[in-house]
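The chain contents come next:
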Amino acid sequence: MIEERVAAAVGRPVRSLRRIQTRGYAQAFHAITEFDDGSTAFVKAGAEDVTSEFLRQEIRFYEAVQGSFMPTLLGYDAGPPPLLVIEDLSAARWPPPWDASAVDAVRATLGAVWSTPAPSWVPPITEDREALVGGWAEIEGDPAPFLSLGAWSAGWLDECLPTLRAAAERAPIEGDALLHLDVRSDNLCLADRGAVLVDWNFVHLGNPDLDLAGWAASLHLEGGPPPHELLPDAGGLAAVLAGFFASRAGLPPPPTAPGVRAFQLAQARVAIPWALRELGLRSDT
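My aim in this report is to walk through the structure given alongside it, one point at a time. Note that the structure is predicted; figures quoted are calculated from it, not measured.

### Quick notes on helix α2 (residues 49–64)
- Taking 1.5 Å per residue as the helical rise, α2 with its 16 residues ought to reach 22 Å, and the 23 Å between its terminal C-alpha atoms agrees with that figure.
- Buried within α2 are the following residues: Thr51, Ser52, Leu55, Glu58, Ile59, Phe61 and Tyr62.
- Contacts from the buried residues of α2 go to β3 (40–45), β4 (73–77), β5 (83–87) and β6 (177–179).
- With a side-chain oxygen positioned 2.7 Å from the backbone nitrogen of valine 50, the residue opening α2 is glutamate 48.

Right, dumping it as structure tokens:
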């Protein structure tokens, strides 16, 4: 029983456990538990191999790092499947909507993340370079999934792809900053202590601008500033993100995140014009 595992992990009797739906895309188990003393916590458990591995990575990070920019760890059970119990942040404000103060709060929190010493096991982003910057190369090798989206023409792709690919592959991704690498509104909230980030399973070391670039498209989709205002003069990183989303949006949806392709297409529709603007390329209109 989940209730028994939660009680054992935290060391407190559980009064109730209520399963909830979150705005995330992975199909993990999520719930709010209430303890006998009236306090509450957020519970997450792996649902299958992919989400279980994500959760193991997240637990590893919670064991090693604490900070106001992340929820308080209350307990965990290594499983199987793994189970994590953290601070209940459901009373915080989860954007959108966005305003300047909310954007500034997230930027301040990211600054604290970037300056936090990383555990020795956190990998450099260069270990996953191809997965990050290789989107346009994948499209060049097989353009059919991208063109099947119907939003960009073959002629436009032939003209712009060489520049987009070269810019992405030259982009400055290296660095020593601790990166969250999955900054978007369903992974952050605004609490009394500032912005708090959740879902810590993708941490890497790299250029801090990667966190801003990764956030830029979804932020604009939700009424925030355009990407070039959040991160100016970043043609290479814009090309990286545009290729990342564009190369995935036309693929079959993964069974563990069936709604993610539509979101990737929406982000590509923001990131590609951003890259074109920064690189002086024409839009396909």
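### What to know about unusual backbone geometry
- The residue after proline 95, namely proline 96, is reached through a cis peptide bond having omega 5°.
- Residue placement: proline 96 occurs in the loop between β5 and α3 (100–114).
- For the bond running from proline 96 to proline 97, omega is 10°, close enough to zero to count as cis.
- Residue position: proline 97 is located in the loop between β5 and α3.

### Focus: the packing of helix α7 (residues 154–170) against helix α11 (residues 260–279)
- Relative orientation of the contacting elements α7 and α11 amounts to 75°, with a least axis distance of 11 Å. The angle between α7 and α11 falls in the class roughly perpendicular. Here Trp156, Cys160, Thr163, Leu164 and Ala167 of α7 lie close against α11, whose contacting residues are Ile272, Ala275, Leu276 and Leu279.
- Classifying every residue of the contact of α7 with α11 gives eight nonpolar, one polar and no charged.

The rules behind the values
Residues numbered from 1 in each chain as written. Predicted model: local features only at pLDDT ≥ 70, side-chain atom pairs only at ≥ 80, totals over all residues. Heavy atoms only, no water. Helix = DSSP H or I, 4+ residues; strand = E, 2+ residues; numbered from the N terminus. Expected span 1.5 Å × (residues − 1). Buried < 20%, exposed > 50% of the residue type's maximum accessible area, 1.4 Å probe, protein only. Contact = heavy atoms within 4.5 Å. Polar contact = N/O pair within 3.5 Å; in protein donor to acceptor, adjacent residues only side chain to side chain. Axes fitted to C-alpha atoms, helices over the stretch in contact; angles between N-to-C directions. Parallel < 35°, antiparallel > 145°, perpendicular 65-115°, else oblique. Nonpolar A, V, L, I, M, F, W, Y, C, P; charged D, E, K, R; others polar.

Nothing here speaks to function; it is geometry throughout.
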